[in-house]
Amino acid sequence: MTEISQVNIGMFLTAGIGVLALMLGMTLTRKISFLKKFCIPSPVSGGIIFSLLTFAFYYIAGIEFSFDATIKDICMMIFFASVGFQSDLTAVRKGGRSLGVIVALLAVLITLQNLLPLGIAKIMDVDPLVGLAAGSIPMCGGHGTAGGFSSVLQDMGLQTAPSITMAAATFGLIAGSLLGGPVAQGLIRRHNLCEESHDPVDAGLASFEATNASPEARTEHPVKRETEFQEYTKAVYQLVLTLAAGALLSRVLSLTGIKFPTYFGSLVVAASYRNISELIARKKGRKSGIMLEKIVTLGNICLSMFLGIAMISLKLWDLADLALPLIVMLLSQVAMMFLFTRFVAFPALGKSYDSAVLVSGICGFGLGATPNAMANMSAVCYKYKYTVNPFLIVPIVGAMFVDIINTTIITVVLTVM
């Protein structure tokens, strides 16, 4: 291979390429029945193509593209703040049992994610630390936990830990996105849980054309647009203030020594803001001033942009350099996730439509990250119908429980070894 030349892509160009990948994915999803049939998120289908292009540049021309993550991180923060605003305590109480079941399932899943590669490492006569590097550290933990624990594994003698954990996390990011939709789709069809909905994109276009069909409809637009503009303005202000307060809370939480996700502070502030505002509003007999619908819309846009940028940033050549034992471990993780979600998690969660949506989310954060879980569930709901509880439960699990349980179990395993 020729000498590698590094090309740094600025944040605005990175965002533009990410949006192009997203738009390409949306087009592919409409045109290719396979993608729609298996609920593959648009950022994944479009982003993979861009990742393959960067892969070709790397191996053929010796050019490595490095994408600026600034806007991607901002989009992630805005999205999780919007999720926090959707956290209605009444709805959370209704989904209490599911939340408890998922936390228990998570502990079992993380344990299996470590035992499985350790067993494979023993059978294939490989350093058990390689097994841990392909276990729950990059799977449930994602790139953040992979970066945090790689130095620990290096100190224990695995010098290649950073590249192994990051490559495994990258693999998990792709696998979690690809697996969630098809698994949920199969369960929904097998158990006749829900009928497919009409295409919301086509419905939206039809609605737009209908409202523009007559002069009478057009005369209402200035007033409606002004009202909508004011609502979006308030929504943006509320999100920005939430992000600012969330940053302060995250700084305070960091003093405890516990490593929380960067978005955790904003999620907690947004949830508190929404519930306290509604409580005060109910006591005063008026509506809350939170622009919830507009905030959710902005959050969904940011989720799509986040995943679009994340997918184009993947370095697929890291996967190409994996040794055979590591590939076997990672493929085994995917197979185990399929069996676990289909035959353990789905029955434990009640075999309902919500259970199928939650299963797609478990595939997302169990192999990749919470945003992948949200994208998987969005893709399933896009094809069938929207349901509230999964979108409340999964962010809470991803923000509060995954890192704590994962860190605890990994620490126990490292202590025993």
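For the structure, see preceding data.
Presented here is an overview of the structure given in this document. What you see is a predicted model, and the numbers here were worked out from it, not measured in a lab.

Okay, the packing of helix H9 (residues 161–190) against helix H16 (residues 324–348) next. Between H9 and H16, whose axes approach to 10 Å, the crossing angle comes to 30°. Comparing the axis directions of H9 and H16 gives the class roughly parallel. The way H9 lies across H16 gives a crossing that is right-handed. Touching Ile164, Ala168, Phe171, Ala175, Leu179, Val183, Gly186, Leu187 and Arg190 of H9 are Leu326, Leu330, Leu331, Val334, Met337, Phe338, Thr341, Arg342 and Phe346, all from H16. Tallied by class, residues from the contact of H9 with H16 come to 14 nonpolar, two polar and two charged.

Looking at the element boundaries, Thr111 is found in helix H6 (residues 96–123). Residues Thr111 and Ile410, spaced 299 residues apart in sequence, show a C-alpha to C-alpha distance of 8.6 Å.

Attention now moves to the packing of aromatic side chains. The final tally for this structure, using the stated rule, is eight aromatic pairs. The interplanar angle of 90° and the centroid separation of 5.3 Å between the aromatic rings of Phe57 and Phe65 together place this pair among those described as edge-to-face. On the basis of relative accessible area, Phe57 is assigned to the partly exposed category, the value being 40%. Of the aromatic side chains, those joined through ring pairs into one cluster are Phe55, Tyr58 and Tyr59.

Right, let's talk about the pattern of salt bridges for a bit. Per the stated rule, a full pass over the model turns up two salt bridges. We note a salt bridge from Lys294 to Glu231, for which the minimum N-O separation is 2.9 Å. Of this pair, Lys294 sits in helix H14 (residues 292–312) while Glu231 sits in helix H12 (residues 221–254), and the two are 63 residues apart along the sequence. You can call Lys294 buried: its relative accessible area is 10%. The partly exposed category is assigned to Glu231, whose relative accessible area is 27%.

This part covers the side chain of Thr29. One can find Thr29 in helix H1 (residues 11–31). With near-sequence residues (within four places) excluded, Thr29 lies in contact with Leu35, Lys36, Ile40, Ser42 and Ser45.

We now examine unusual backbone geometry. Of note in the backbone geometry, Asp125 takes a positive phi value of approximately 55° without being a glycine. For Asp125, the location among the structural elements is in the loop between H6 and helix H7 (128–133). Residue classification places Asp125 among the exposed positions, given a relative accessible area of 71%. The residue Asn192 is not glycine, and still its phi comes out positive at about 50°. Note on placement: Asn192 falls in the loop between H9 and helix H10 (200–211). The exposure class of Asn192 is exposed, given its relative accessible area of 67%.

What counts and what doesn't
Residues numbered from 1 in each chain as written. Predicted model: local features only at pLDDT ≥ 70, side-chain atom pairs only at ≥ 80, totals over all residues. Heavy atoms only, no water. Axes fitted to C-alpha atoms, helices over the stretch in contact; angles between N-to-C directions. Helix = DSSP H or I, 4+ residues; strand = E, 2+ residues; numbered from the N terminus. Parallel < 35°, antiparallel > 145°, perpendicular 65-115°, else oblique. Left-handed = near helix turned anticlockwise from the far one by under 90°. Contact = heavy atoms within 4.5 Å. Nonpolar A, V, L, I, M, F, W, Y, C, P; charged D, E, K, R; others polar. Phe/Tyr/Trp six-rings, centres within 6.5 Å; stacked < 30°, edge-to-face > 60°. Buried < 20%, exposed > 50% of the residue type's maximum accessible area, 1.4 Å probe, protein only. Salt bridge = Lys/Arg side-chain N within 4 Å of Asp/Glu carboxyl O.

Read these as geometric descriptors, not functional statements.
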